[in-house]
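Observations on the model geometry
Single-letter residue listing:
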Amino acid sequence: MPTPHSRVYRGTLRHRRFVPRHHAFRYRLWMLWLDLDELPSLFDGVPGFSARRPALARFRREDHLQGSFTNCPAPHDRPLAESARAAVAAQLGSAPTGRVCLLTQLRTFGSGFNPLSLYYLHDETGALRAVLGEVTNTPWKERAYYACRVNPQRHSHASTFVKRMHVSPFLPMDMTYRWRFNTPGDRLLMHMENWREAERHFDATLTLTGEPATRTALLGALARQPAMNLATRLGIHWQALRLWLKGVPIHDHPPHSPSEETTP
């Protein structure tokens, strides 16, 4: 059986808050970098995994890119790679036509938790040309999309976006995102900062090491953290309680129109 192009990544996610109180924590996690051309067969024959039906670790098409991008509706039965290209084209005017890879967390024990999923779009030669970020807020389950072009001659990339959607109740809306990320290989890095005027309020750093998504690698990741999503949800709520006890102000969800959560 050929070695899959998809990868299992393991590592840490660190959160740091600088304003108005200092607060930091990190947790371990595993994520999958899925070559969408390899689904759903990637998980066939791997106990506990599926992209076709309920399983202990499940990829579900309905969890990704549910929005509409300009005049291109994205129903659940539309191929995910096609939806990713439509989202990128809606923001950048065009999209590369090669393979699309998705960095995401699977549902485990039926629980899904993906604050940020990243789509890596390649051209026909295999060079990375664009990245799309899909941000989902909890508990509102709204989505916002951020697309940027990348220079295939470079290994490290950067982009800046105006914040479009309420995410954390401890951060205001009038902020700017600054992203730095690499072209994935043995290591995958993603660093995001939240700025308000000339002051950094928050950053998050994802540091991962990967290997091909073989049966052994998939089963090993699941065995180490079988209930990762549930544990992460509990941990995030615990950290929110700590922020509240530190007196960090809460920002209410602002009013919005129904189209704001799906229109890039």
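What comes next is a walk through the structure. Everything numeric in this text was worked out from a predicted model, so none of it was measured.

This next bit is on the layout of surface pockets. The space that makes up the largest pocket amounts to roughly 1,100 Å³. Every residue lining the largest pocket is counted, 41 residues in all, and those nearest its centre are His15, Pro115, Val167, Ser168 and Ile236. Counting only elements with at least two residues in the lining of the largest pocket, the list comes to β1 (7–17), β2 (23–35), β7 (116–122), β8 (128–136), β12 (187–196), β13 (199–212) and α3 (228–245). When residues in the lining of the largest pocket are grouped by element, the largest group, six residues, is from α3. Residue composition of the lining of the largest pocket, by class: 26 nonpolar, twelve polar and three charged. One number sums up the size of the second largest pocket: a volume of about 410 Å³. Forming the walls of the second largest pocket are 24 residues, and the residues nearest its centre are Asp63, Arg107, Gly112, Thr136 and Arg143. Partitioning the lining of the second largest pocket into residue classes produces five nonpolar, ten polar and nine charged.

Turning next to the pattern of salt bridges. Taken as a whole, this structure holds twelve salt bridges when the rule is applied. The closest approach of N and O atoms between Asp174 and Arg196, which form a salt bridge, is 3.2 Å. Note that Asp174 is positioned in the loop between β10 (156–162) and β11 (176–182) and Arg196 in strand β12, a separation of 22 residues in sequence. Salt bridges sharing common partners tie together Arg16, Arg180, Glu193, Arg200 and Asp203.

Another point: unusual backbone geometry. Residue Pro20 is bonded to the preceding Val19 through a cis peptide linkage, with omega at -5 degrees. Relative to the elements of secondary structure, Pro20 occurs in the loop between β1 and β2. In the segment running from Leu39 into Pro40, the intervening peptide bond is cis, with an omega of 0 degrees. Mapped onto the elements, Pro40 comes out in the loop between β2 and β3 (49–50). Of note in this structure, Leu65 is not a glycine but carries a positive phi near 45 degrees. Here Leu65 lies in the loop between β4 (57–58) and α1 (80–92).

This brings us to the sheet that holds strand β6 (residues 107–108). Sheet architecture is open: three strands sit in the order β3-β4-β6, paired in mixed fashion. The open sheet has two edge strands, β3 and β6, and neither has a second partner. Across two bridges, β3 lies against β4 in parallel orientation. Across the sheet, Phe49 pairs through a bridge with Ala57, a residue of β4.

All right, on to the nonpolar core then. The tendency in soluble globular proteins is for nonpolar side chains to be buried as a group. If you look at the biggest cluster of nonpolar residues, it comprises 65 residues, and the most contacted ones within it are Phe43 and Leu103. The element that contributes the greatest number of residues to this core is β2, accounting for eight residues.

Along helix α2 (residues 215–224), the residues classified as buried are Ala217, Leu218, Ala221 and Leu222. Projected down its long axis, α2 shows its buried positions confined to an angular sector of 125 degrees, all on one face. Those residues of α2 that are exposed and aimed more than 90 degrees away from the buried face are Thr216, Ala223 and Arg224. Taken together, the buried residues of α2 touch β1, β2, β3, β4, β6 and β13.

A word on the pairing of β1. Counting buried residues in β1 gives eight out of eleven residues, a clear majority hidden from the surface. The pairing of β1 with β2 spans eleven bridges and is classified as antiparallel. Considered in β2, the bridge of Leu13 is made with Tyr27. Of the pairings in the sheet, the one linking β1 to β13 comprises eleven bridges and is antiparallel in character. Counted as the bridge partner of Tyr9 is Gly210 from β13.

The subject of this paragraph is the side chain of His122. Relative to the elements of secondary structure, His122 occurs in strand β7. The exposure class of His122 is buried, given its relative accessible area of 5%. Of the polar contacts made by the side chain of His122, one reaches the backbone oxygen of Tyr120; its length is 3.3 Å. If sequence neighbours within four positions are ignored, His122 has contacts with Trp33, Pro96, Thr97, Gly98, Arg99, Cys101, Ala127, Leu128 and Arg129.

Definitions and cut-offs
Residues numbered from 1 in each chain as written. Predicted model: local features only at pLDDT ≥ 70, side-chain atom pairs only at ≥ 80, totals over all residues. Heavy atoms only, no water. 1 Å grid on protein atoms, 1.4 Å probe; cavity = no way out; pocket = protein on both sides within 12 Å on 5 of 7 lines; lining within 4 Å. Points joined across faces, edges and corners; volume = space filled by probe spheres on them. Helix = DSSP H or I, 4+ residues; strand = E, 2+ residues; numbered from the N terminus. Nonpolar A, V, L, I, M, F, W, Y, C, P; charged D, E, K, R; others polar. Salt bridge = Lys/Arg side-chain N within 4 Å of Asp/Glu carboxyl O. Pairing = 2+ DSSP bridges. Core = buried A, V, L, I, M, F, W, Y, C linked by side-chain atoms within 4.5 Å. Buried < 20%, exposed > 50% of the residue type's maximum accessible area, 1.4 Å probe, protein only. Arc of directions from axis to C-beta. Contact = heavy atoms within 4.5 Å. Polar contact = N/O pair within 3.5 Å; in protein donor to acceptor, adjacent residues only side chain to side chain.

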